[in-house]
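Observations on the three-dimensional arrangement
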Amino acid sequence: MCVEQLAVAQARTADVQLAHTVERQLAQILSVFGYPGEALARLDQLRARLAPQDSYRRLWIDNDRAAALIQQGQIGPAQEILEQTLASFRTLGDYRGEAAALAMQARAAAEN
């Protein structure tokens with residue numbers, strides 16, 4: 001029910017940034033409930049639709065993509081993504097993003 005409500009909310013909004021946020025949250029929900037393949041597909045589609053100047057939003061999507069890859073057992077590709085996102089978050093001085101990337105790297109290491 002919650003997933004359907006998010007999809008409807010996304011379809012109704014004219015605010016592109018809000019729509020991106022809703023789509024990302026929908027992918028996170030799918031991943032949490034055991035559908036990492038569907039989450040990854042949605043995140044890949046969302047990433048492809050982002051404007052070139054949305055590099056910060058792209059970092060967070062990539063972090064979510066790494067989470068879905070870890071759930072699928074694709075640790076190597078996830079670690080490659082996380083190395084890039086960690087470096088970018090550090091360059092930006094974004095401690096929250098850095099912490100999220102490090103936490104995801106720890107999760108990848110634990111799964112490996």
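Now for a quick tour of the structure. Along each chain, residues carry numbers from 1 onward, in the same order as the chain's sequence is written. Per-residue local features of the predicted model are confined to residues with pLDDT of at least 70, and side-chain atom pairs are confined, for both listing and counting, to 80 or more; whole-chain, interface and lining totals are unaffected and use all residues. Heavy atoms from the whole structure form the basis of all side-chain values; hydrogens and water molecules are not counted.

**Some details on the packing of aromatic side chains**
The description of an aromatic ring pair rests on the distance of the ring centres and on the angle between the ring planes. To pair, rings of Phe, Tyr and Trp, with the six-membered ring standing in for Trp, must have centres within 6.5 Å; the planes then decide the type, stacked if under 30 degrees apart, edge-to-face if over 60, and tilted in the middle. In total, this model carries three aromatic pairs according to the counting rule given. Their ring planes at 75 degrees and their centres at 6.5 Å tell us that Y56 and W60 sit as a pair that is edge-to-face. Linking Y56 with W60, this pair stays in helix α4 (residues 55-71), spanning four residues, or about one helical turn. Under the relative-accessibility criterion, Y56 is labelled partly exposed at 38%. An aromatic cluster is built from Y56, W60 and F89, whose rings are joined through pairwise contacts. Secondary structure elements follow DSSP: runs of H or I of four or more residues count as helices, runs of E of two or more count as strands, with numbering from the N terminus. Buried residues are those whose accessible area, probed at 1.4 Å on protein chains only, stays under 20% of the maximum for their type, while exposed residues exceed 50% and partly exposed ones sit between those limits.

**Some points on the side chain of D62**
Along the chain, D62 turns up in helix α4. Contacts are assigned to residue pairs with any non-hydrogen atoms lying within 4.5 Å of each other. With residues near it in sequence (within four places) discarded, D62 still touches R47, I81 and T85.

**So, the nonpolar core**
In plain words, nonpolar cores are sets of buried Ala, Val, Leu, Ile, Met, Phe, Trp, Tyr and Cys residues tied together by side-chain atoms within 4.5 Å. L40, A66, A67, A68, L69, I70, I75, A78, I81, L82, M104 and A108 together form the largest nonpolar core, which totals twelve residues. Sorting the residues of this core by element identifies α4, α5 (75-92) and α6 (95-111) as the ones contributing at least two each. Residues within four places of A78 in sequence aside, it is in contact with A66, L69 and I70.

**Points about the pattern of salt bridges**
Put simply, a salt bridge is a Lys or Arg side-chain nitrogen that is within 4 Å of an Asp or Glu carboxyl oxygen. A full pass over the atoms with the stated rule returns six salt bridges. Across the salt bridge formed by R65 and D62, the nearest N and O atoms sit 3.0 Å from each other. With R65 and D62 both in helix α4 and three residues apart, this pair spans about one turn of that helix. Taking relative accessible area as the criterion, R65 reaches 17% and is therefore assigned buried. Among the salt bridges present, the one from E98 reaches R90, with a minimum N-O distance of 2.9 Å. Judged by relative accessible area, E98 falls into the buried class, the value being 17%. For R90, a relative accessible area of 47% translates into the label partly exposed.

**Some thoughts on a nonpolar patch on the surface**
A cluster of nonpolar side chains, contributed by V32, F33 and Y35, occupies part of the molecular surface with about 390 Å² of accessible area. Inspection of the secondary structure puts V32 in helix α2 (residues 16-32). Patch membership is restricted to residues that have no salt bridge and whose relative accessible area is over 30%. Joining uses 9 Å for like charges and 5 Å for the nonpolar side chains Val, Leu, Ile, Met, Phe, Trp and Tyr. Accessible surface area values rest on a Shrake-Rupley calculation with a 1.4 Å probe, where residue burial reflects the displayed protein chains alone.

**Focus: the layout of surface pockets**
Cavities and pockets are found on a 1 Å grid laid over the protein atoms alone: a cavity is a set of points where a 1.4 Å probe fits but cannot escape, a pocket is an open set with protein on both sides within 12 Å along at least five of seven lines, and a lining residue has an atom within 4 Å of such a point. Grid points are joined across faces, edges and corners, and a volume is the space filled by probe spheres set on the points. Computed from the structure, the largest pocket encloses a volume of approximately 170 Å³. Taken together, T21, R24, Q25, Y56, R57, W60 and R96 form the lining of the largest pocket. At the level of elements, α2 and α4 are the ones that each hand at least two residues to the lining of the largest pocket.

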